[in-house]
Amino acid sequence: NIGPLDGPIPFSALEQEASIIDLINVVLAQAPGPSTEFSLNTAAIGTSLFAGSQNSLVAQWTTGGDAVDLSAIRFDLSGNADYSHIQNVKLFVNGSQFGLTVPQFSTSSGAIFTGAAARLLPGSSLQLFSDVTGSSGKSFRFDVAVPTLVFVTDPVSGSIIVPDLSNATGTLVNIVSGQLT
């Protein structure tokens, strides 16, 4: 028995929890972040496709920085092409398909690809292929614009890495008159 308390009443459990959370946030803010760096960089592709093209390369990126594991990524489609004419979109990572094929887009939608973690080394390739069934005289592009929609982790620590997307704007693809084959 320590007797009656002199001075202020001790923290309530809620105040103690809030103080601990504040302390954790201060420590995290002062701690160095993960040392892993990762970037996506647009790689050159052809800039014109015939309407009716099938399984054509429509976007390509290479990776920079350190090795990471990719678990999910979202590509946004923009341009004045009828989005329903961009079909059967597939993502390939270093030549192997990653995730499922996106059969068709609706207005201003993105394509999310998820799969078992794919190891990305510096210089790895991410490629989007699709069918372009119409929209002659119009254009489109795929972008990776939101870092939080690229889920990559450090392969050693498992820490989530926020990628540098400053050079990840996709290539504008022009659709020229053609016919289905």
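The structure under discussion appears in the preceding block.
About the cut-offs
- Residues numbered from 1 in each chain as written.
- Predicted model: local features only at pLDDT ≥ 70, side-chain atom pairs only at ≥ 80, totals over all residues.
- Heavy atoms only, no water.
- Phe/Tyr/Trp six-rings, centres within 6.5 Å; stacked < 30°, edge-to-face > 60°.
- Helix = DSSP H or I, 4+ residues; strand = E, 2+ residues; numbered from the N terminus.
- Buried < 20%, exposed > 50% of the residue type's maximum accessible area, 1.4 Å probe, protein only.
- Salt bridge = Lys/Arg side-chain N within 4 Å of Asp/Glu carboxyl O.

Caption draft 1: Structural context of the packing of aromatic side chains. Within this structure, the stated rule accounts for four aromatic pairs. With a centroid separation of 6.0 Å and an interplanar angle of 65 degrees, the aromatic rings of Phe75 and Phe113 are classed as edge-to-face. Taken together, the residues Phe75 in strand β4 (residues 68–79) and Phe113 in strand β7 (residues 110–120) connect sequence positions 38 residues apart. Across the pair, Phe113 and Phe75 agree in class, each one buried. Taken together, a centroid distance of 6.0 Å and an interplanar angle of 85 degrees make the contact between Phe140 and Phe142 edge-to-face. Both residues of the pair, Phe140 and Phe142, belong to the buried class. Grouping aromatic residues by their ring pairs yields a cluster made of Trp61, Phe75 and Phe113.

Caption draft 2: Representation of the pattern of salt bridges in the model. Using the criterion set out here, one finds three salt bridges in the structure. Close ionic contact of Asp69 with Arg119 constitutes a salt bridge, the shortest N to O distance being 2.5 Å. One end of the pair, Asp69, is in strand β4; the other, Arg119, is in strand β7, with 50 residues separating them in the sequence. Using a relative accessible area of 46% as the deciding quantity, one classes Arg119 as partly exposed. Taking the shortest distance from any N to any O, the salt bridge between Arg141 and Asp143 comes out at 2.9 Å. Under the relative-accessibility criterion, Arg141 is labelled partly exposed at 28%.

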